[in-house]
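Spelled out, the chains give:
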Amino acid sequence: VEKDGLYNVTVTIDAANDTKTLTYEFTQAVEVAAKDYSACVLELVGDAVAEQEGAEKDPSSWGWGNVYSLGTPTANGDVYTWTASNVKLTAGGGFKVRTESAQAQGDIPAFDFGVDGNNATVEKDGLYNVTVTIDAANEAKTLEVTPVE
């Protein structure tokens, strides 16, 4: 289906001929409202997150490197954006975005993500601008990391 929601499913079986035909139709009964991420705190976590002001050792049971809080997002309709400037990241390690302390945030379940299902990495040590965007209408999550020039 194209959108989240509750659907009615109609299945039709035509067995009148030697070839049986099965058809189905989905009709959206109720559209599910987009989640509200406005109070959701996200953080970067991993061994590529360098020691710096605003970073601390990962206090979760995983103890995976450092944690850098991205705080709460700005919102434009159902699109939420977290930004951080001048985040010190190191090459040779990895990092992900996760909900604060890897815990649910209100009605937002705990999640983490990197790039294409893997950890994110950088090619060289340095300062980076980090942007996380969640389009809540379709739960699309993106992570953009660009070097500070």
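Scroll up to find the structure.
So, here's what we can say about the structure. Going along each chain's sequence as written, the residues are numbered from 1 onward. Local features in this predicted model are restricted to residues whose pLDDT is 70 or higher, and side-chain atom pairs enter the listing and the counts only when it is 80 or higher, whereas totals over whole chains, interfaces and linings include all residues. Computation of side-chain values covers all heavy atoms of the structure but excludes hydrogens and water.

1. A look at unusual backbone geometry
Working note: non-glycine residues mostly have negative phi, and peptide bonds are mostly trans. Under the convention used in this document: A helix here means a DSSP run of H or I that spans at least four residues, while a strand means a run of E at least two residues long, and both kinds are numbered starting from the N terminus. Classification of residues uses two cut-offs on accessible area relative to the type maximum, computed with a 1.4 Å probe and protein chains only: under 20% is buried, over 50% is exposed, and between them is partly exposed.
Of note, serine 101 is a non-glycine position whose phi angle comes to about 55 degrees, a positive value. The topology assignment puts serine 101 in the loop between strand 8 (96-99) and strand 9 (112-113). Overall, the relative accessible area of 33% leaves serine 101 in the partly exposed class. The backbone of glutamate 139 sits at a positive phi, close to 60 degrees, despite the residue not being glycine. Structurally, glutamate 139 is set in the loop between strand 10 (126-135) and strand 11 (140-147). The class for glutamate 139 is partly exposed, based on a relative accessible area of 25%.

2. Here's the deal with the pairing of strand 11
Short version of the rule: By definition, two strands form a pair when at least two bridges between them are found by DSSP.
The sheet contact formed by strand 10 and strand 11 spans eight bridges and is antiparallel. What sits directly across from valine 130, in strand 11, is valine 145. The antiparallel hairpin formed by strand 10 and strand 11 contains four residues in its connecting segment, where glutamate 139 sits at a positive phi of about 60 degrees.

3. Section: the nonpolar core
Nonpolar side chains in soluble globular proteins tend to be buried together. Stated formally: Definition of nonpolar core: a set of buried residues of the types Ala, Val, Leu, Ile, Met, Phe, Trp, Tyr and Cys, connected through side-chain atoms within 4.5 Å.
Counting 26 residues, the largest nonpolar core has Tyr37, Leu42, Leu44, Trp82, Phe95 and Val132 as the members making the most contacts within it. Within the residue set of this core, elements represented by two or more residues are strand 3 (42-46), strand 5 (66-71), strand 7 (79-89) and strand 10. The element that contributes the greatest number of residues to this core is strand 7, accounting for five residues.

4. Things to note about the environment of threonine 90
Applicable threshold: Any pair of residues with heavy atoms lying within 4.5 Å of one another is described as a contacting pair.
Mapping threonine 90 onto the fold places it in the loop between strand 7 and strand 8. Residues threonine 90 and leucine 127, 37 residues apart in the sequence, show an inter-C-alpha distance of 8.8 Å. Here threonine 90 is in contact with Asp47, Ala48, Ala50, Val122 and Asp125, once residues within four sequence places are set aside.

5. Examining the sheet that holds strand 5
As summarised here, the arrangement of the five strands in space is 4-5-3-8-9, forming an open sheet in which the pairing is antiparallel. Strand pairing shows two members of the sheet lacking a second neighbour, strand 4 (55-57) and strand 9, which therefore form its edges. Looking at chain direction, strand 4 and strand 5 are connected through three bridges and run antiparallel. Each residue of the ladder has a partner; that of lysine 57, found in strand 5, is asparagine 66.

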